[in-house]
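A structural walkthrough
So the chains spell out like this:
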Amino acid sequence: MSDSAVPRLTESAAWQALGARAGDLRGWRPPLKGTQGEQRFRRFSLQLDGLFFDYARQPVDETTRDLLLELARERRLPERIRALFAGEPVNATEGRPALHTLLRAPEGSAFPVHGADARAAVRTELARMTRFVDRVHRGLVHGWDDRPFTDVVNLGIGGSELGAAMAVQALSRFHQREAPRMHFASGSDGVQLEDLIRRLDPATTLFIVASKSFTTSETLLNARAALHWLEACAPEGAHLARHWVGVSANEEGMARFGIPEEQRFRIWDWVGGRYSVASAMGLPVALAVGMRHFQDFLAGMHAMDRHFEEAPLPVNLPVIAGLLQVWSINFLGAHTHCVLPYHQRLARLPAWLQQLEMESLGKRVDSGGRPVDYHTGAVVFGETGFHAQHSFAQLLFQGSCPVAVDFLISREDASGLAVFHGVAQAQALGQGRALMTGRDRATLAGEMIRAGVDEEQRQALLAHREIPGGRPSNTLVFPRLDPYNLGRLIAFYEHRTFVQASIWDINPFDQWGVELGKQLTRALLPAVTGETDPAADLDASSCGLIRILRGAD
Ligand SMILES: O=P(O)(O)OC[C@H]1O[C@](O)(CO)[C@@H](O)[C@@H]1O
């Protein structure tokens, strides 16, 4: 949606009022104790069917929240949400809609104005997936020696890997007994594939080539290498085509690679790679957990879609969360965002979120092509919370750059081992509390006196031991890590991303920036491998490094 009718963001009234407000609220510690604290907790948190979002630890008051909501209306967020669901070409630079919400819309729900054909295609592919998963589980799809497949290797990268890899791991408790083991290989150095083929049985290994474009070099390299492995291992005349499944919008590419028609699954140009896990790109998930759970996964996403489309802005989870992102990035100067799931099965969530947010929001011009004069997107990083506590959390507490933190906590214990009961949850709460309250000098001095530390040493240490506090965080509590709730989490983050893009008036569905590096790789490869000399116009640094890599220096 081009926004020529809307004033430039930084000139808007709400933006300027927020700017004026930020000075007072930066570093502010909201009242979190007593009646005031309780009221705050109620007013600055949202609930949606067991999903609980607490933002009371953000330096935001009611006036600020109202201004953020006003900003959302000024930037026509409701109209943009409608346009997204209506299938309008919201991906303007590629002239397409972004219909990922259609992938998880159940039979009978209203479909977007522009989505009737798309809807039928989605249904067809889902039905084909269902048949395929069922046949694999029943051992009816098999390799060259007629034994059922024991292992599946997904060959795809970025959006054609991260969502599925994250979900397969997140849902490991739901893996079916009859499901083959799931693996992922994507690197351009071949290490992941090499490590896999060392231990897999080629006769019972199925490969999924997952690539929307079917031109991505890492994926095609891995596919070629896997094919060589199968050819080298299989007996003369073995039927190798059975070992291949394709997921792509490039039918011809899949056919050219030799993937049999019945094992080619389609996605469409209107699904962005990083938004595609609900399509056949989620086949590894469906194979692992079975179609019934995969349907629950879709239902969870759909529930969040409905909420995002229908809930009024002030009680809309992705809207409030997205506006808080804007507040922290543009007004509080937190350009780094840390996500800490306190659940080992969500270990890949930070990597998935990194692509979702950084590929979507890493844009420097607005919808009209004008350079933006405000920050867009944050640097996203993260790790399972308990591991982060023993590695990088120090910087969150005492470092000099502000970081916005998201805690993710499951109400149900992640494991069934009684010894661990409540520990991860307590740790997450402790970290959030410590970030906000910190530890002041008077408290520290008292502690040191009681511990017998002398005056001189106390003075020398106080500044080092002080923890300033006032560092904000959000906490998202979900009932348990199951397909439905994982679906809700995924859609929550997708829509939170869309909200930020809408405020900043940037396109979250394209990724032109990654193309240049790909082109240059193609141009440099012959020189790196020694087939040709470096091009005459190549820069001195590249030439020097090529010489070193070739062992010529
Ligand atoms: O599915 P494809 O076409 O192989 O692309 C893989 C990934 O590569 C990217 O284009 C970035 O290089 C992502 O946007 C995408 O998810």
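Residues numbered from 1 in each chain as written. Predicted model: local features only at pLDDT ≥ 70, side-chain atom pairs only at ≥ 80, totals over all residues. Heavy atoms only, no water.

Considerations on the site of the ligand
As a matter of local geometry, the ligand sits amid 13 residues, with Ser160, Ser211, Lys212, Ser213 and Thr216 nearest to it. At 3.2 Å, a side-chain N or O of Lys518 approaches an oxygen atom of the ligand. The fraction of the free accessible surface of the ligand (390 Å²) that becomes covered by protein chains is 86%. (Near = heavy atom within 4 Å. Polar contact = N/O pair within 3.5 Å; in protein donor to acceptor, adjacent residues only side chain to side chain. Areas by Shrake-Rupley, 256 points an atom, 1.4 Å probe, with all protein chains shown as cover.)

Some details on the confidence of the model for the chain
Predicted confidence across the chain gives a mean pLDDT of 95, with 98% of residues reaching 70 or more. For this predicted complex, the interface score ipTM comes out at 0.98, alongside a pTM of 0.96. (pLDDT = per-residue confidence, 0-100.)

Description of the side chain of His343
Looking at the element boundaries, His343 is found in the loop between β8 (336-341) and α14 (349-361). Its relative accessible area of 3% is what places His343 among the buried residues. Excluding anything up to four places from it in sequence, His343 contacts Thr384, Phe386, Ser410, Ala414, Phe478 and Leu481. (Helix = DSSP H or I, 4+ residues; strand = E, 2+ residues; numbered from the N terminus. Buried < 20%, exposed > 50% of the residue type's maximum accessible area, 1.4 Å probe, protein only. Contact = heavy atoms within 4.5 Å.)

A word on the domain arrangement of the chain
How large an interface is tends to be reported as the accessible area lost when its parts come together. One can read the domain layout of the chain as domain 1 (40-75 + 312-510), domain 2 (100-296) and domain 3 (514-550). On a C-alpha basis, the centres of domain 1 and domain 2 stand 33 Å from each other. Domain 1 puts 31 residues into the contact, and the matching count from domain 2 is 21 residues. Contact between domain 1 and domain 2 buries roughly 2200 Å² in total, counting both sides, with carbon and sulfur atoms accounting for 59%. On the domain 1 side of the contact with domain 2, Arg345, Arg348 and Pro483 bury the most area, a combined 30% of that side's loss. (Domains from an automatic or database assignment. Buried area = accessible area lost by both parts, 1.4 Å probe.)

Observations regarding a nonpolar patch on the surface
On the surface, Leu417, Val419 and Phe420 cluster together into a nonpolar patch covering about 360 Å² of accessible area. Structurally, Val419 can be placed in the loop between β10 (403-410) and α17 (423-437). (Patch = residues over 30% accessible without salt bridge, like charges linked within 9 Å, V, L, I, M, F, W, Y side chains within 5 Å. Salt bridge = Lys/Arg side-chain N within 4 Å of Asp/Glu carboxyl O.)

Some details on the UniProt feature "active site" (unreviewed entry) in the chain
Using the residue numbers shown here, the UniProt feature "active site" (unreviewed entry) corresponds to Glu359, His390 and Lys518. A stretch of 160 residues holds the annotated residues, and the largest C-alpha distance among them is 36.3 Å, long enough that they do not meet in one place. Among the secondary structure elements, His390 is positioned in the loop between α15 (385-389) and α16 (393-398). The exposure class assigned to His390 is exposed, which follows from its relative accessible area of 70%. One can find Lys518 in helix α21 (residues 515-529). A relative accessible area of 37% places Lys518 in the partly exposed class. (UniProt positions renumbered as here; feature names shortened; annotations may be inferred.)

Focus: the pairing of strand β2 (residues 51-54)
The side-chain alternation of β2 yields two buried faces, one formed by Leu51 and Phe53 and the other by Phe52 and Asp54. As paired strands, strand β1 (residues 45-48) and β2 are joined by 4 bridges and run antiparallel to one another. Across the sheet, Leu48 pairs through a bridge with Leu51, a residue of β2. Examined bridge by bridge, β2 and strand β11 (residues 473-478) share 3 bridges and lie antiparallel to one another. By the bridge assignment, Asp54 is partnered in β11 with Thr475. (Pairing = 2+ DSSP bridges.)

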